Amino acid sequence: MPVELHCHTTASDGTLSPEELVRLALAQGLEALAITDHDTTAAWGPAVEAARGFRLEVIPAIEINGERDGRDVHILGYYLDPDHEALQEALTGLRQARVRRLEEMVERLVALGLPITCQEVMALATGESVGRPHLARALVARGHVRDMHEAFELYLGSGRPAFVPRRNLAPEEAVRVIRRASGVPVLAHPGLTGDDAVVPALVEAGLMGLEAYYPQHAGWEVQHYLDLAERHGLLVTGGSDFHGPGARHRAGLGGVALPPGVMPRLREAAASLRDPGGQGPPPATP
Ligand code: AMP
Ligand code: FE
Ligand code: FE
Ligand code: ZN
């Protein structure tokens, strides 16, 4: 049965609510769904509620975006404890930093001659975690740009005039905080990061997997990350990074096929963290 291990809702920058996403997952016949919103676990409760009575496992999960030497290093976390205090504290800090960064980007846009307000953007960000996609949609709504692609291309993309970097957790820190919350940390879309040199330090911090299967990974990249995972004793995962219908995607929800061994290994890894007596991996470095 298909699963989805990487997707977003309106709690961050997706366009479907948690309930709508669960309904889509059920329509697609998915067996498991991990909502990996940026810097928030707010979708988990409503998603569990919406899946009640159906045979759909809703996995508590997260995506924390970090950076190393100018490269995006995104860490996914699976089966974490959504109520863990240190985790929630870290996520709250990241979301507050997102709001301050939005204010700076809005100032830059105004200075560039594109009138826009934070209020308009916040009105489009119905969830907890505001990001550039919300700002891009506001620019489209104002008629400043034709579409989101143009918004990133002209203003919001890295290095463009209205771009302001996010305050990030170091990726190792993201790995550690996920481990502290009993989650399984996985390096998201390593092909987009584009530098395997980040992997050893992440493994040292407690990384347990690589997202080998990803719509933007070429066939040779998938094989490369399968090999790399094996060399480091890591599990592999995959997912579509679905942000909603019509968004720039190469795969729909549940559209990335995973080999049958992936889910059992992920569940096993999660269980090994919950059961300190089990033969789990060594604990994360403090
Ligand atoms: P942020 O977390 O605020 O830096 O925004 C990053 C998010 O922007 C990513 O997770 C994507 O969903 C989205 N994104 C990045 N580049 C583009 C692009 N060229 N067009 C549309 N969305 C993008
Ligand atoms: Fe996103
Ligand atoms: Fe990502
Ligand atoms: Zn994502």
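Please refer to the structure higher up on the page.
Thresholds, definitions, all that
Residues numbered from 1 in each chain as written. Chains lettered and ligands numbered in written order. Predicted model: local features only at pLDDT ≥ 70, side-chain atom pairs only at ≥ 80, totals over all residues. Heavy atoms only, no water. Donors = N, O, S within 2.8 Å, 3.2 Å for Na, K, Ca; no water. Buried < 20%, exposed > 50% of the residue type's maximum accessible area, 1.4 Å probe, protein only. Near = heavy atom within 4 Å. Polar contact = N/O pair within 3.5 Å; in protein donor to acceptor, adjacent residues only side chain to side chain. Helix = DSSP H or I, 4+ residues; strand = E, 2+ residues; numbered from the N terminus. Nonpolar A, V, L, I, M, F, W, Y, C, P; charged D, E, K, R; others polar. Pairing = 2+ DSSP bridges. Contact = heavy atoms within 4.5 Å. Axes fitted to C-alpha atoms, helices over the stretch in contact; angles between N-to-C directions. Left-handed = near helix turned anticlockwise from the far one by under 90°. Lys, Arg positive; Asp, Glu negative; His and termini not counted. Salt bridge = Lys/Arg side-chain N within 4 Å of Asp/Glu carboxyl O. Parallel < 35°, antiparallel > 145°, perpendicular 65-115°, else oblique.

Draft legend 1. Highlighting the coordination of the iron ion (ligand 3). Those protein atoms acting as donors to the iron ion (ligand 3) are E63 (OE), H74 (ND1) and H189 (NE2), and they sit at 2.0 to 2.3 Å. For the iron ion (ligand 3), the donor residues sit on a single chain with the sequence spacing E-x10-H-x114-H. Taking relative accessible area as the criterion, E63 reaches 1% and is therefore assigned buried. With a relative accessible area of 10%, H74 lands in the buried category.

Draft legend 2. Here's a closer look at the site of ligand 1. Around ligand 1 sit D13, H38, R98, R101, G131, R132, P133, F152, R166, H243 and R248, and that is every residue in its neighbourhood. Within the side chain of H38, one N or O atom sits 3.0 Å away from an oxygen atom of ligand 1. In the model, an oxygen atom of ligand 1 is placed 2.8 Å from a nitrogen or oxygen of the R132 main chain. At the level of elements, helix 3 (85-111) and helix 5 (132-141) are the ones that each hand at least two residues to the shell around ligand 1. Here the shell around ligand 1 is built from residues that sort into 2 nonpolar, 3 polar and 6 charged.

Draft legend 3. Representation of the sheet that holds strand 1 (residues 3-4). Strand order in this open sheet of 3 strands is 1-2-3, and the pairing throughout is parallel. Lying at the two open borders of the sheet, with one neighbouring strand each, are strand 1 and strand 3 (57-59). Lying on the sheet, helix 11 (residues 262-274) is in contact with strand 1, strand 2 (32-34) and strand 3; it crosses strand 3 at an angle near 55 degrees.

Draft legend 4. View of the coordination of the iron ion (ligand 2). Protein coordination of the iron ion (ligand 2) is provided by D13 (OD), H38 (NE2) and H243 (NE2), with donor distances spanning 2.1 to 2.2 Å. Distance-wise, the zinc ion (ligand 4) is placed 4.8 Å from the iron ion (ligand 2). Here H243 lies in the loop between strand 8 (235-238) and helix 11 and D13 lies in the loop between strand 1 and helix 1 (18-27), a separation of 230 residues in the sequence. The same class applies to D13 as to H243, namely buried.

Draft legend 5. Spotlight on helix 5. Taken across its 10 residues, helix 5 has 7 buried, putting it largely inside the fold. Listed in full, the buried residues belonging to helix 5 are R132, P133, H134, L135, A136, A138 and L139. On its buried side, helix 5 packs onto helix 3, helix 4 (118-124) and helix 6 (148-156). Two residues or fewer after helix 5 comes G143, characterised by a positive phi angle close to 80 degrees.

Draft legend 6. Layout of helix 7 (residues 171-180). Counting buried positions along helix 7 yields 7 of 10 residues, so the element is predominantly enclosed. Each element contacted by the buried residues of helix 7 is listed here: strand 4 (61-68), strand 5 (71-78), helix 3, strand 6 (184-187), helix 9 (199-205) and helix 11. In the stretch just after helix 7, S182 is the one whose phi turns positive, near 65 degrees.

Draft legend 7. Spotlight on the packing of helix 3 against helix 5. The geometry of helix 3 relative to helix 5 is characterised by a closest axis approach of 11 Å and an angle of 30 degrees between their N-to-C directions. Handedness of the crossing formed by helix 3 with helix 5: right-handed. Across the interface between the two elements, R101, L102, M105, V106 and L109 of helix 3 pack against R132, L135 and L139 of helix 5. Tallied by class, residues from the contact of helix 3 with helix 5 come to 6 nonpolar, no polar and 2 charged.

Draft legend 8. View of the sheet that holds strand 6. Overall, mixed pairing links the 5 strands, which are arranged 4-5-6-7-8 in an open sheet. Edge positions in the open sheet fall to strand 4 and strand 8, since each of these has one partner strand only. Pairs of neighbouring strands in the sheet enclose a mean axial angle of 35 degrees, with direction left out of account. The pairing of strand 4 with strand 5 spans 8 bridges and is classified as antiparallel. Bridge pairing in strand 5 places I62 opposite G77. Relative to the sheet, helix 10 (residues 219-232) contacts strand 7 (209-213) and strand 8, its axis offset from that of strand 7 by approximately 160 degrees.

Draft legend 9. Fine view of the side chain of E4. Note on placement: E4 falls in strand 1. Of the buried charged residues, E4 lacks a salt bridge, with R267 as the closest side chain of opposite charge at 13 Å. A polar contact is formed between the side chain of E4 and the backbone nitrogen of G254, at a distance of 2.6 Å. Not counting residues up to four positions away in its chain, the partners in contact with E4 are L30, A32, L33, A34, G239, S240, D241, G252, L253, G254 and G255.

Draft legend 10. Molecular detail of the packing of helix 5 against helix 6. Running from N to C, helix 5 and helix 6 point in directions that differ by 105 degrees, and their axes come no closer than 9 Å. Taken together, helix 5 and helix 6 sit at an angle that is classed as roughly perpendicular. Across from R132, P133, L135, A136, R137, L139 and V140 in helix 5, the residues of helix 6 making contact are M148, A151, F152 and L156. Looking at the contact of helix 5 with helix 6 residue by residue, the classes come out as 9 nonpolar, no polar and 2 charged.

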